[in-house]
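Spelled out, the chains give:
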Amino acid sequence: MKPYLTVLVAIITREALRFVHQRERFIAALVRPLVWLLVFAAGFRAALGLSIIAPYKTYITYETYIVPGLCGMIMLFNGMQSSLSLVYDREMGSMKLLLTSPLPRWWLLICKLLGATAISILQVYAFLIIAALFGIKMPVAGYVAVFPALLVAGVMLGALGLLLSSFIKQLENFAGVMNFVIFPMFFMSSALYPLWKMAESSEILYTICAINPFTHAIELIRFALYLQFNGMALLWTVLAGVVFTTAALWGYNPARSGIRRKG
Amino acid sequence: MNGLRVSNLSYQFGEKTALDNVGFSLKQGDFCALLGPNGAGKSTLFNLLTRLFVAGQGQINIAGHDLQKDPRAALATLGIVFQQTTLDLDLTVLQNLRYFAALHGISGRDRNRRIDRVLDRMQIADRAGEKARTLNGGHKRRTEIARVLLHDPKVLLLDEPTVGLDAAARQAITKHAHSLSDDGTTVLWATHLADEVCPDDRLIILHNSRVLADGHAKDICGKDTLENHFLRVTT
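Scoring rules and cut-offs
- Residues numbered from 1 in each chain as written.
- Chains lettered and ligands numbered in written order.
- Predicted model: local features only at pLDDT ≥ 70, side-chain atom pairs only at ≥ 80, totals over all residues.
- Heavy atoms only, no water.
- 1 Å grid on protein atoms, 1.4 Å probe; cavity = no way out; pocket = protein on both sides within 12 Å on 5 of 7 lines; lining within 4 Å.
- Points joined across faces, edges and corners; volume = space filled by probe spheres on them.
- Helix = DSSP H or I, 4+ residues; strand = E, 2+ residues; numbered from the N terminus.
- Nonpolar A, V, L, I, M, F, W, Y, C, P; charged D, E, K, R; others polar.
- Buried < 20%, exposed > 50% of the residue type's maximum accessible area, 1.4 Å probe, protein only.
- Pairing = 2+ DSSP bridges.
- Right-handed = clockwise from strand over helix to strand, strands pointing away.
- Contact = heavy atoms within 4.5 Å.
- Buried area = accessible area lost by both parts, 1.4 Å probe.
- Salt bridge = Lys/Arg side-chain N within 4 Å of Asp/Glu carboxyl O.
- Axes fitted to C-alpha atoms, helices over the stretch in contact; angles between N-to-C directions.
- Polar contact = N/O pair within 3.5 Å; in protein donor to acceptor, adjacent residues only side chain to side chain.
- Patch = residues over 30% accessible without salt bridge, like charges linked within 9 Å, V, L, I, M, F, W, Y side chains within 5 Å.
- Areas by Shrake-Rupley, 256 points an atom, 1.4 Å probe, with all protein chains shown as cover.

(A) Fine view of empty space enclosed by the protein. Applying the stated criterion across every chain yields a total of four cavities of 30 Å³ or more. Volume-wise, the largest cavity comes out at about 70 Å³. Around the largest cavity sit Glu15, Ser82, Ser85, Leu86, Lys112, Leu113, Ala116, Gly158, Gly161 and Leu162 of chain A, which together line it. At the level of secondary structure, the elements contributing two or more residues to the lining of the largest cavity comprise α3 (62-92), α5 (105-133) and α6 (140-167) of chain A. Of the residues that constitute the lining of the largest cavity, the class distribution is four nonpolar, four polar and two charged. Quantified by volume, the second largest cavity comes out at close to 60 Å³. For the second largest cavity, the full set of lining residues is Leu97, Thr100 and Ser101 of chain A together with Leu78, Gly79, Ile80, Phe82, Phe100, His104 and His151 of chain B. In terms of residues, the lining of the second largest cavity owes the most to one element, strand β6 (residues 78-81) of chain B, which gives three residues.

Laid out in structure tokens, this is it:
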């Protein structure tokens, strides 16, 4: 068991060191949701009336509503960012180093996934602290209760990134991920508006939003922040995570990658 | 058998044949140069030997382990220096070595002892705290070779490790690589430069996806120089 833990610690340490070296990435990861929270939400609070919906027990401000969505946004961007770094690793050759380790390939990729999730969680907590400083606070115990929810959501989104990286051959193709993955996932979710609002506009969009695993990841985080458990959200997030991870491991199967890639 | 045995290895990229029935056998402690022009199939062979690709046909046996049947045991005895540098440039030499040791499940005091040993062997102990980005090409390569020795591999693969180095660094790395087989390690050294091969070296010439010649360098080129012989048979 020891070699497995050794490699897990080493991969997480490497991800953390890389993250520390890229201060711009950390700042960008924080500025993005803060702009949404402090500018977008301020402008939108008047336009969007919110009724009392679970897990909230009273009327809430729009800023309070979108905090879990922005936590999800950080994790979504981070999942894609780690996918980008995997593609970069492959172009730079360090992926070869990883894949020629004698430890099982599935474990190496899971370590990568957990490393990326750890960085995501760190960023979310930094964001929650800043949001609290601006007066958008959650129940104190909620900050602890949200940890397992962040872990599950982070792994699911990281697995999606891992899956995409196994199919993207070059960094140049990555712009497409922004248009075809990040934006649709984010806007067709409950991050910015409750789903009943979406149902009022379009039944089809509502259905897509309700299927979107990102919606469930956000709801899992939202409920956990208010010390409530959302079993359905957990089930969907875990299910999506398992599907993405399995597909990603298949994507990194040497017998398959050999056919697709030269180099 | 502790060396490297490749038999009937073929590989295709779609319609294009990258390797055609390639076979050779290296004994423990052999130093073998794999000489071939660009596009001969050297990198494909290395990708197959490291299981980055899986061969459609043929067998690879590394230090007694069948790569297909027991990949983890085979990879544990294998050391690879890729053509392209695979150092993490933002990490120090020491951090790079620690990361690699962990990928092989080596940790704690054993790891530190091994790191000290390989740094001394490659004469880069004074560079341990420097970031890989600040090293010159020769020292980057030495760091990579030091790294690959950490887990005491029985078979070492070096894929054109002198590409992009100046003449002095190239000569130093070539000399180091030759000395690696002194302790019984089997070394396969891919290159497209004939002057990196010594007359007593075992030599395999790969051309157009096939093994063109296999023997000692001096026997293969006869009275001719290896450069001339190589040019004649591959153009």
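(B) The pairing of strand β8 (residues 186-191) of chain B, seen in detail. All names here are of chain B. Burial within β8 is extensive, with six of its six residues counted as buried. Every second residue of β8 is oriented toward a common face, with Thr186, Leu188 and Ala190 on one face and Val187, Trp189 and Thr191 on the other, all of them buried. When strand β3 (residues 31-35) meets β8, the two strands line up parallel, connected through five bridges. Looking at the pairing, leucine 34 lines up with alanine 190 of β8. Bridge count between strand β7 (residues 155-159) and β8: five bridges; the pairing is parallel. Looking at the pairing, valine 155 lines up with threonine 186 of β8. In this fold, β7 hands off to helix α6 (residues 167-179), which returns the chain to β8; that crossover is right-handed.

(C) Representation of the interface of chain B and chain A within the structure. Facing 31 residues of chain B, the contacting portion of chain A comprises 34 residues. In total, chain B and chain A occlude about 2,700 Å² of area from one another, counting both sides; carbon and sulfur atoms represent 63% of this. Counting every contact that joins chain B to chain A gives one salt bridge. Two residues, aspartate 88 of chain B and arginine 14 of chain A, come together in a salt bridge whose shortest N-O distance is 2.5 Å. Elements that contribute at least two residues to the side of chain B that touches chain A include exactly β1 (4-13), α2 (71-76) and α3 (93-103) of chain B. Among the elements that take part in the side of chain B that touches chain A, α3 of chain B stands out by supplying five residues, more than any other. The residue makeup of the side of chain B that touches chain A, split by class, is 15 nonpolar, nine polar and seven charged.

(D) Spatial organisation of the sheet that holds strand β9 (residues 202-207) of chain B. Residue and element names in this part refer to chain B. One open sheet accounts for six strands, arranged β6-β7-β8-β3-β9-β10; its pairing is mixed. The sheet terminates laterally at β6 and β10 (210-216), the two strands that pair on one side only. Each adjacent strand pair in this sheet contributes to an overall mean axis angle of 15°, direction not counted. Set on the sheet, helix α5 (residues 137-149) makes contact with β6 and β7; between it and β6 the angle comes to about 170°. Each of β3, β9 and β10 touches helix α8 (residues 226-234); the most contacted strand, β9, lies at about 30° to it.

(E) Seen up close, the sheet that holds strand β5 (residues 65-66) of chain B. Residue and element names in this part refer to chain B. Spatially, four strands are ordered β2-β1-β4-β5 in an open sheet, and the strand pairing comes out antiparallel. Taken across any chain shown, the strands that pair with only one partner, and hence form the sheet edges, are β2 (16-26) and β5. Of the pairings in the sheet, the one linking strand β4 (residues 57-62) to β5 comprises two bridges and is antiparallel in character. Paired with asparagine 61 across the strands is aspartate 66, a residue of β5.

(F) Structural context of the side chain of aspartate 88 of chain B. Its place among the elements puts aspartate 88 of chain B in the loop between β6 and α3. Taking relative accessible area as the criterion, aspartate 88 of chain B reaches 12% and is therefore assigned buried. Here the side chain of aspartate 88 of chain B touches arginine 14 of chain A through a polar contact of 2.5 Å, side chain to side chain.

(G) The arrangement of a nonpolar patch on the surface in detail. All names here are of chain A. On the surface, Ile27, Val31, Val35, Leu38, Val39, Ile129, Leu133 and Phe134 cluster together to form a nonpolar patch covering roughly 780 Å² of accessible area. Among the elements that line the nonpolar patch, the one with the most residues is helix α2 (residues 23-44), at five residues. In this structure, valine 39 sits in helix α2.

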